[in-house]
Amino acid sequence: MVRISNRTWRRLWGEETRAVDAWARRLGRNDCASALPKTLDQEHMTEKKLTSRAEGRANLRAAS
């Protein structure tokens, strides 16, 4: 598994958000562009929860 710093993750996430937002606006889909930040934030939170759960399970197995 590749680990990246939280700062790097936030930077990459911000770049992705801006790129998708710009792409949607360029296509004239302002409705989509306005919904994207919320959707991407939800995806980010889900990823953090899944990572936390996976790491917790790995730690429990290692402790056994």
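Let me sum up the structure you'll find in this document. (Residues numbered from 1 in each chain as written. Predicted model: local features only at pLDDT ≥ 70, side-chain atom pairs only at ≥ 80, totals over all residues. Heavy atoms only, no water.)

Observations regarding the overall build of the protein
The criterion, for reference: Numbering of helices and strands runs from the N terminus, with a helix taken as a DSSP run of H or I at least four residues long and a strand as a DSSP run of E at least two residues long. Between buried and exposed lies partly exposed: a residue is buried under 20% and exposed over 50% of the maximum accessible area for its type, with that area taken using a 1.4 Å probe on protein chains only. Computed with a 1.4 Å probe, the accessible areas rest on the Shrake-Rupley method; for each residue, only the protein chains presented here act as cover.
Across its full length, the protein holds two helices and zero strands. Burial analysis of the protein (64 residues in total) assigns 12% to the buried set. Accessible surface computed for the protein: about 5700 Å², of which carbon and sulfur atoms make up 54%.

Quick word on the environment of glutamate 16
If you trace the backbone, glutamate 16 turns up in helix H1 (residues 6-26). Note on glutamate 16: relative accessible area 37%, which makes it partly exposed. For the pair formed by glutamate 16 and leucine 40, sequence separation is 24 residues and the distance between their alpha carbons is 9.2 Å.

Focus: the pattern of salt bridges
To keep it simple, the criterion reads: Salt bridges are defined as contacts in which a side-chain nitrogen from Lys or Arg sits within 4 Å of a carboxyl oxygen from Asp or Glu.
Within the structure shown, the criterion is met by two salt bridges. For aspartate 31, the salt bridge goes to arginine 29, with nearest N and O atoms at 2.9 Å. Judged by relative accessible area, arginine 29 falls into the partly exposed class, the value being 39%.

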